[in-house]
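Observations on chain architecture
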There are 4 protein chains.
Amino acid sequence: MTTDSQDWLQERLRFHGIKSNILARNLVSEFVGTFILCFIGLGIVVQFHIGGGATTQWIGVNIGWGFAIMFAVMATARMSGGQLNPAVSLLLWSMGHLKLAWVLAYSLAQTAGAFVAAALIYAYYYERFDAFDGGNRTVLGANGTAGCFSSYPHPDIGYWGPYIDQIVGTAILGFFLCVIIDERNQIPKVWHPMFFGFLIMMIGTGFGMNLGYPINPARDLGPRLFAYFVYGTGVFNSPYRGYWMAPAIAPFVGALVGGWLYHFALGMHNPDVVDDDDAPSDGHEKRQLLPTA
Amino acid sequence: MTTDSQDWLQERLRFHGIKSNILARNLVSEFVGTFILCFIGLGIVVQFHIGGGATTQWIGVNIGWGFAIMFAVMATARMSGGQLNPAVSLLLWSMGHLKLAWVLAYSLAQTAGAFVAAALIYAYYYERFDAFDGGNRTVLGANGTAGCFSSYPHPDIGYWGPYIDQIVGTAILGFFLCVIIDERNQIPKVWHPMFFGFLIMMIGTGFGMNLGYPINPARDLGPRLFAYFVYGTGVFNSPYRGYWMAPAIAPFVGALVGGWLYHFALGMHNPDVVDDDDAPSDGHEKRQLLPTA
Amino acid sequence: MTTDSQDWLQERLRFHGIKSNILARNLVSEFVGTFILCFIGLGIVVQFHIGGGATTQWIGVNIGWGFAIMFAVMATARMSGGQLNPAVSLLLWSMGHLKLAWVLAYSLAQTAGAFVAAALIYAYYYERFDAFDGGNRTVLGANGTAGCFSSYPHPDIGYWGPYIDQIVGTAILGFFLCVIIDERNQIPKVWHPMFFGFLIMMIGTGFGMNLGYPINPARDLGPRLFAYFVYGTGVFNSPYRGYWMAPAIAPFVGALVGGWLYHFALGMHNPDVVDDDDAPSDGHEKRQLLPTA
Amino acid sequence: MTTDSQDWLQERLRFHGIKSNILARNLVSEFVGTFILCFIGLGIVVQFHIGGGATTQWIGVNIGWGFAIMFAVMATARMSGGQLNPAVSLLLWSMGHLKLAWVLAYSLAQTAGAFVAAALIYAYYYERFDAFDGGNRTVLGANGTAGCFSSYPHPDIGYWGPYIDQIVGTAILGFFLCVIIDERNQIPKVWHPMFFGFLIMMIGTGFGMNLGYPINPARDLGPRLFAYFVYGTGVFNSPYRGYWMAPAIAPFVGALVGGWLYHFALGMHNPDVVDDDDAPSDGHEKRQLLPTA
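- By the naming in an unreviewed UniProt entry, chain A is Aquaporin-3, taken from Caenorhabditis bovis.
- On record in UniProt, under Sequence similarities (unreviewed entry), the comment for chain A is "Belongs to the MIP/aquaporin (TC 1.A.8) family."

Here's the deal with the overall build of chain A
- Of regular secondary structure, chain A possesses 11 helices and zero strands.
- Tracing chain A from N to C terminus, the helices and strands come up as α-α-α-α-α-α-α-α-α-α-α.
- Judged by the C-alpha coordinates and their principal axes, chain A covers about 75 × 55 × 40 Å.
- Contacts in chain A between residues far apart in sequence, at least 24 positions, make up 74% of those at least 6 positions apart.
- Put simply, chain A shows about 9,400 Å² of open surface, and 65% of that area lies on carbon and sulfur atoms.
- Counting 15 positive and 19 negative side-chain charges, chain A places the averaged centre of each group 9 Å from the other.

Section: the UniProt feature "transmembrane region" (unreviewed entry) in chain A
Residue and element names in this part refer to chain A.
- When the UniProt feature table is mapped onto this chain numbering, "transmembrane region" (unreviewed entry) sits at residues 22-46, 58-79, 100-125, 163-181, 193-215 and 243-262.
- As a span, residues 100-125 carries 96% helix and 0% strand, and end to end its C-alpha atoms are 37 Å apart.
- Within the segment residues 243-262, helix and strand shares are 90% and 0% respectively, and the terminal C-alpha atoms sit 30 Å apart.

Quick look at the relation of the copies chain A and chain C
- Mapping chain A onto chain C calls for a screw motion: a turn of 90° about the axis and a shift of 0.0 Å along it, with 0.0 Å RMSD after fitting. What the superposition gives is, in effect, a four-fold axis relating one chain to the other. Considering only C-alpha atoms, the part of chain A nearest the rotation axis is Ile59 of chain A, at 5.3 Å.
- Comparing interface residues between copies, only 13% of those in chain A also lie at the interface in chain C; the contact surfaces differ.

Focus: the interface of chain C and chain D
- Between chain C and chain D, the residue contacts involve 75 residues of the former and 68 residues of the latter.
- Carbon and sulfur atoms supply 63% of the area buried between chain C and chain D, which totals about 6,300 Å² over both sides.
- Taken together, chain C and chain D are joined by two salt bridges.
- Close ionic contact of Asp156 of chain C with Arg128 of chain D constitutes a salt bridge, the shortest N to O distance being 4.0 Å.
- Where chain C touches chain D, the interface holds 23 residue pairs in polar contact (both at pLDDT 80 or more).
- Within the residue set of the side of chain C that touches chain D, elements represented by two or more residues are helix 3 (58-76), helix 4 (86-94), helix 7 (161-181), helix 8 (192-206) and helix 11 (245-265) of chain C.

Side note on helix 8 (residues 192-206) of chain D
- Here helix 8 of chain D spans 22 Å end to end across 15 residues, near enough to the 21 Å set by a 1.5 Å rise per residue.
- Burial analysis of helix 8 of chain D places 15 of its 15 residues in the buried class, which makes it a mostly covered element.

A look at the relation of the copies chain C and chain D
- Overlay of chain C on chain D (RMSD 0.0 Å): rotation 90°, translation along the axis 0.0 Å.
- The overlap is low: 13% of the interface residues of chain C also sit at the interface in chain D, so different surfaces are used on the two sides.

Points about the interface of chain A and chain C
- Every contact between the two is made by 75 residues of chain A and, on the other side, 68 residues of chain C.
- Here chain A meets chain C over a buried area of about 6,300 Å², counting both sides, of which 63% is carbon and sulfur.
- The salt bridge partner of Arg14 of chain C is Asp272 of chain A, with a shortest N-O separation of 2.6 Å.
- Seen at the junction of chain A and chain C, the total is 23 residue pairs in polar contact (both at pLDDT 80 or more).
- Elements supplying a minimum of two residues to the side of chain A that touches chain C: helix 3 (58-76), helix 4 (86-94), helix 7 (161-181), helix 8 (192-206) and helix 11 (245-265) of chain A.
- For the side of chain A that touches chain C, the residue count by class is 39 nonpolar, 25 polar and 11 charged.

Side note on helix 7 (residues 161-181) of chain D
- Along its 21 residues, helix 7 of chain D runs 30 Å from first to last C-alpha, staying within 8% of the 30 Å computed at 1.5 Å per residue.
- Summarising burial for helix 7 of chain D: 19 of the 21 residues are buried, a large majority.

Details of the packing of aromatic side chains
- Under the definition given, this model contains 140 aromatic pairs over all chains.
- Between Trp191 of chain C and Trp191 of chain D the ring centres are 5.0 Å apart and the planes differ by 85°, which places this aromatic pair in the edge-to-face class. Of the two residues, Trp191 of chain C is situated in the loop between helix 7 and helix 8 and Trp191 of chain D in the loop between helix 7 and helix 8; the pairing between them involves two chains.
- By relative accessible area, which is 8% here, Trp191 of chain C ends up buried.
- Above the ring of Tyr126 of chain B, the side-chain terminus of Arg137 of chain B is found at 5.4 Å from the ring centroid.

Considerations on the packing of helix 4 (residues 86-94) of chain B against helix 11 (residues 245-265) of chain B
Residues and elements named next belong to chain B.
- Their axes nearest at 8 Å, the elements helix 4 and helix 11 cross at an angle of 45°. With respect to helix 11, the axis of helix 4 lies oblique. Relative to helix 11, the crossing made by helix 4 is right-handed. Contact with helix 4, carried on its side by Pro86, Ala87, Leu90, Leu91 and Ser94, involves Pro251, Phe252, Ala255, Leu256, Gly259 and Trp260 of helix 11 and no other residues of that element.
- Grouping the amino acids of the contact of helix 4 with helix 11 by side-chain chemistry returns nine nonpolar, two polar and no charged.

Observations regarding the pattern of salt bridges
- Applying the stated rule across the entire model yields 28 salt bridges over all chains.
- A salt bridge links Arg184 of chain B to Asp182 of chain B; the nearest nitrogen and oxygen atoms lie 4.0 Å apart.
- Assessed through its relative accessible area of 3%, Asp182 of chain B is described here as buried.
- One salt-bridge network, held together by shared partners, links Arg14 of chain A together with Asp182, Arg184 and Asp272 of chain B.

With respect to unusual backbone geometry
- Going from Ser238 of chain A to Pro239 of chain A, the amide bond is cis rather than trans, its omega being -5°.
- A positive phi angle, close to 60°, is found at Leu84 of chain B, a residue other than glycine.
- Inspection of the secondary structure puts Leu84 of chain B in the loop between helix 3 (58-76) and helix 4.

Some remarks on the environment of Tyr122 of chain A
Residues and elements named next belong to chain A.
- Looking at where Tyr122 falls in the secondary structure, it is placed in helix 5 (residues 100-124).
- Given a relative accessible area of 11%, Tyr122 falls into the buried group.
- The contact partners of Tyr122, leaving out residues within four places of it in the chain, are Phe129, Arg137, Phe149, Phe226 and Val230.
- Separated by 2.9 Å, the side chains of Tyr122 and Arg137 make a polar contact.

A word on the environment of Met95 of chain B
Residues and elements named next belong to chain B.
- With respect to the element layout, Met95 can be found in the loop between helix 4 and helix 5 (100-124).
- Met95 sits in the buried class, given a relative accessible area of 3%.
- The spacing of Met95 and His192 is 97 residues in sequence and 18 Å in space, taken between C-alpha atoms.

Things to note about the side chain of Asn216 of chain B
All names here are of chain B.
- Mapped onto the elements of the fold, Asn216 is located in the loop between helix 8 (192-206) and helix 9 (217-231).
- Within the local environment of Asn216, its side chain forms a polar contact with the backbone oxygen of Leu84, the two atoms lying 3.0 Å apart.
- For Asn216, the contacting residues outside a window of four places in its chain are Leu84, Asn85, Pro86, Gln166, Pro247 and Pro251.

Regarding the side chain of Arg137 of chain B
Residues and elements named next belong to chain B.
- Mapping Arg137 onto the fold places it in the loop between helix 6 (126-133) and helix 7 (161-181).
- For Arg137, a relative accessible area of 15% gives the class buried.
- Reaching out from Arg137, the side chain makes a polar contact with the side chain of Asp133 at a distance of 3.0 Å.

Quick notes on the packing of helix 3 of chain A against helix 8 of chain B
- Direction vectors running N to C along helix 3 of chain A and helix 8 of chain B enclose 130°, while the axes themselves pass 8 Å from each other. By the angle class used here, helix 3 of chain A and helix 8 of chain B are oblique. Considering the relative orientation of helix 3 of chain A and helix 8 of chain B, their crossing is left-handed. The residues of helix 8 of chain B that touch helix 3 of chain A, namely those facing Gly60, Gly64, Phe67, Ala68, Met70, Phe71 and Met74 of chain A, are Phe195, Phe198, Leu199, Met201, Met202 and Thr205 of chain B.
- Partitioned by chemical class, the residues of the contact of helix 3 of chain A with helix 8 of chain B number 10 nonpolar, three polar and no charged.

What counts and what doesn't
Residues numbered from 1 in each chain as written. Chains lettered and ligands numbered in written order. Predicted model: local features only at pLDDT ≥ 70, side-chain atom pairs only at ≥ 80, totals over all residues. Heavy atoms only, no water. UniProt positions renumbered as here; feature names shortened; annotations may be inferred. Helix = DSSP H or I, 4+ residues; strand = E, 2+ residues; numbered from the N terminus. Contact = heavy atoms within 4.5 Å. Areas by Shrake-Rupley, 256 points an atom, 1.4 Å probe, with all protein chains shown as cover. Lys, Arg positive; Asp, Glu negative; His and termini not counted. Charge placed at Lys NZ, Arg CZ, Asp CG, Glu CD. Least-squares fit on C-alpha atoms with pLDDT ≥ 70 in both. Buried area = accessible area lost by both parts, 1.4 Å probe. Salt bridge = Lys/Arg side-chain N within 4 Å of Asp/Glu carboxyl O. Polar contact = N/O pair within 3.5 Å; in protein donor to acceptor, adjacent residues only side chain to side chain. Expected span 1.5 Å × (residues − 1). Buried < 20%, exposed > 50% of the residue type's maximum accessible area, 1.4 Å probe, protein only. Nonpolar A, V, L, I, M, F, W, Y, C, P; charged D, E, K, R; others polar. Phe/Tyr/Trp six-rings, centres within 6.5 Å; stacked < 30°, edge-to-face > 60°. Lys NZ or Arg CZ within 6 Å of the ring centre and 35° of its normal. Axes fitted to C-alpha atoms, helices over the stretch in contact; angles between N-to-C directions. Parallel < 35°, antiparallel > 145°, perpendicular 65-115°, else oblique. Left-handed = near helix turned anticlockwise from the far one by under 90°.

Laid out in structure tokens, this is it:
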């Protein structure tokens, strides 16, 4: 694919690009990034729930969502950093990367992006929804389709289960996010999006059977707000009253717990990077009895 | 694998390589690249449709097609850029990378490559087709095999569904193609083919249940033209009259929509690359209270 | 994700980081690393055993565990080297990388980390365990769940089968671990964790049907010790008396066999790295008849 | 994993390493590399055929074999180039990389390595074979297990089908092998093993339903020779007399066809690498109307 120059229309566009108002530019980035992430991600969930038969595989959900994260972060990394998740924004605030007011603004932009994504994916797959449930939208049950938009808990877990689930899932996200971005671990920036994608693939294989690993308040609440217009108040109160709060609140706790667990348990001991890369950093003994040939 | 030198026959061959006529060289590249892409890709689809049992898995289709894109682009990137898709060529024209007349020529070469691929894959798997349908070729239905060559829509979507489906799928392709090749995103060229492959894997997990994500007029029309000689006019008019136009036309719209959506929504705000890589580009506050040890 | 600076709290924390006592720091690293590895890995196994239906796929276990290894090694590589496995530590001791006393200390830290991981994953998925077996914990059988914590052999293998299985599986791990870390093979350090992850994915596809590829005494014994408090002595004596010793002992043999097999079979012949990278190292003839254009 | 120094035993070993007799060293490398490749690969096939139930997935075969190729090439690349396949050796001979006598010697070493791998994997999984067929080894049929060692064709293809199948499969291997190692395509050597692995994953998703993609005479014939001692002459004459020759001979043709197809169709036109990397190599027009900001 030819990448040698930027074309005239692209260049003309750039005269109108937001350059001076960093906050405005980053809000656009977070809105668009979360929109495209959730549009693709919800498409994957719809194919899983409604597709039926051969195109329905959990590993496809894992791999698809992982690459969706990778590409959405890649698209927005140089502007807003590709946070795309209010819980991640809060964690980065706690580490001094952005103001609390920005976290609020980012969260709104992210949730709005997810809302629009839900509306468009619903339009896109509208005929398939109709064919699946005969036009009779219900939240849960055999023909329930609200799970295409937001999480609903597995029947085997109780009231606090979803909170615990989301704290744990998002803690794993926060922990390894801090591993990846800790400059002492020397992971080149160009590969951060791919590792975030692999991280999401991993979480889905082990922490997805309770709620389906939303671990992102914007990704869960934005589509749920849209689903309200389709399914009514059941989307907030199924399977129990106020369930919607679990995936909307718990990830904030989880991200902080996981991110700072890294810093307390590992990061604070992580040795500084020294120029002499040959210096052993692990303190392991070398029994060098014979000279190297 | 030893790569240290080029051998004499290869060198002798290079005296006959097309060096001065860039268009001719690029047409060879697009023809061969699309041929090899579609030969492998159609092999994957045949294994999925006809293989039956253990070797038939949707995730295998996703991963196989992704790597097929990766390798076909890798093989042709240094000549024609590895476009292998008329919709991609049109998008690149709109961005000033090649002339409109070249887009036409490329499209013909790509479609011809896909046609030849279909003929050869049919010969290769001929016995398996015969065993599957008893030698009675039909387009659709329980023993229908035309889906091995080109897309046919899921019965649950109506007349315009395929158009919408292909616009959306190709828009995602065009959007992230522009993310990957935007030099401001600093993705090394050597990795572009792999990311294009991951992109196709992702699209297949979420946007494949309506038509099977052709998102490439050459990949769909070329094999359909070949299938005409096997199945007759049904390949153009199943399940409804003129269906074949949807995957042949809609991807052009989708690629333009998706590609320029990137430039309007994100690319125009994307900051220039500065040499000082330590400069923060995201405008995020740094509360650096303590000196770095 | 913004990585440009380290924040004040992180910097303040670093005043308390363990810098001078390398052993203590490395024990923390091995404890935390094995904890997070096993917490994620056991979550994957629970989802596989108890999840049922759509979220239960062996390939998900392979990919999930592979990425869990990758991320856990990535998080701890710069401190203790991310060994996270007593058999790996013993192999590295035999290669002169650390003292035998340290191997003992590392092994205890690793096993303790795995024990804590088992306790926490049990708490996390407690409701799912209860729903699965009606609160009646049994080691094996249709409702048995002890396999979520540690390995139990397939009924088709006899007394020594598990020993052979673990020697073979860990030998593959040890062999390729030595391939990856042999500096003569010139694999950049930043990619070591990913290749370790791919290695684990590979082993699971071909050597997982007997015991489920624990190939790590800490990963097997730590959770088994925790499981003792849930299931009783059956976890040590199922399906036969003293079974627990196989995955606790055999990996030490396997890692030594595999690692040194590499050095005896390949490593000792591996040519030194010379600065002139153009020099052919494979001794293959070059019939360079025509000059390169 | 600590890699900072080479240990005394490793260094002492290196005094005995084969340094002067390049052919002997490369034969060791090819023997060991093909052994480890086939040991792992046959383990994967056994798990697929005999494992049954949850651990049996075609995608696992694809991914496992791909990584097996990757690691086996990685382990031997700096000595013999990691050819591990007589058809690949012949292709490299035709490109002037090694003498024809060496191809013969390599082929013997590779086949011997595969033979030993088959013997050891049989010992390793012996109990599982017995449990599967009640100790009554048969080549084909419901309880047939010879397919764990070598390929047998799908019943739907005729006499020449296996020849065509192996020519096509190995041609794809040879074509992209030449893409990867063509220095003009500028793919860093450190990534060659990974791309070879991805290549094998791809081939398995689309060209595996006829014979199971052996595409390697050593990998097929070596284990078949071992299987003769277990199953008798049926391994050479099932399902038809002399079937064994197809996967033993056809890959040589396929590799030459595919490799030289690349050079004739693409490689001879591939432009030379120039130092000025900014120079456009694709001949695409640039309509640079506005200066770059």
